[in-house]
Amino acid sequence: MLGHCIGSVMICGPFSRRMTDPVKAKVYLDGRQVPVSEISAMLACTISDIGLGFKPLYRAEEKEGYFHSITTGLSASQIVMRIPKLFLGMPIKNDLTHDDIGRDLRIEPEAGEVRYMLDGELFNHQGPLQLQIGPRIQVVCA
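Please read these numbers as outputs of a predicted model, since none were measured by experiment. (Residues numbered from 1 in each chain as written. Predicted model: local features only at pLDDT ≥ 70, side-chain atom pairs only at ≥ 80, totals over all residues. Heavy atoms only, no water.)

**Points about the overall build of the chain**
The helix and strand tally for the chain stands at 4 helices and 10 strands. For the chain, the N- to C-terminal ordering of α and β elements is α-α-β-β-β-β-β-α-α-β-β-β-β-β. With 142 residues in all, the chain has 33% of them scored as buried. Considering only contacts within the chain whose residues lie at least 6 apart along the sequence, 59% involve residues at least 24 apart. Carbon and sulfur atoms provide 56% of the accessible area of the chain, an area that totals close to 9100 Å². (Helix = DSSP H or I, 4+ residues; strand = E, 2+ residues; numbered from the N terminus. Buried < 20%, exposed > 50% of the residue type's maximum accessible area, 1.4 Å probe, protein only. Contact = heavy atoms within 4.5 Å. Areas by Shrake-Rupley, 256 points an atom, 1.4 Å probe, with all protein chains shown as cover.)

Below, the structure written as structure tokens:
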């Protein structure tokens, strides 16, 4: 998925535009408003390594019962330029990016619709979208 998005950014393809077209919204993490109002990308996860050593959510396991959230207004090309930092689990520090841990995330879109991806699938949701930390599960493979 990451390779597809990076490739699309490099050729200014429709996939990257669909994935990173800014959405005007208010975002609240644990009741505090996030200082990013035009969101091009958002990540939230309870695990730090999302595969192949890629660790963009380096704070995900910092505190039991919390997830790591990164919200940014950077353009697709600006995000791609920061992939090495994201891969290594380093923070992206700038005025257009909010990086913190929390238990409750609420997205209130200005236009009424939120696009999101879950396990590589794109979805559209009308109205506010809420993410909350759930119970920890244990997967046992026999």
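Moving on, there is more to tell.
**Focus: the side chain of His98**
If you trace the backbone, His98 turns up in strand E6 (residues 97–102). For His98, a relative accessible area of 18% puts it in the buried group.

**Some points on the confidence of the model for the chain**
Mean pLDDT over the chain: 84, with 85% of residues reaching 70 or higher. Taken element by element, the chain is modelled with least confidence in helix H1 (residues 2–10), mean pLDDT 60, and with most confidence in strand E2 (residues 32–33), mean pLDDT 96. (pLDDT = per-residue confidence, 0-100.)

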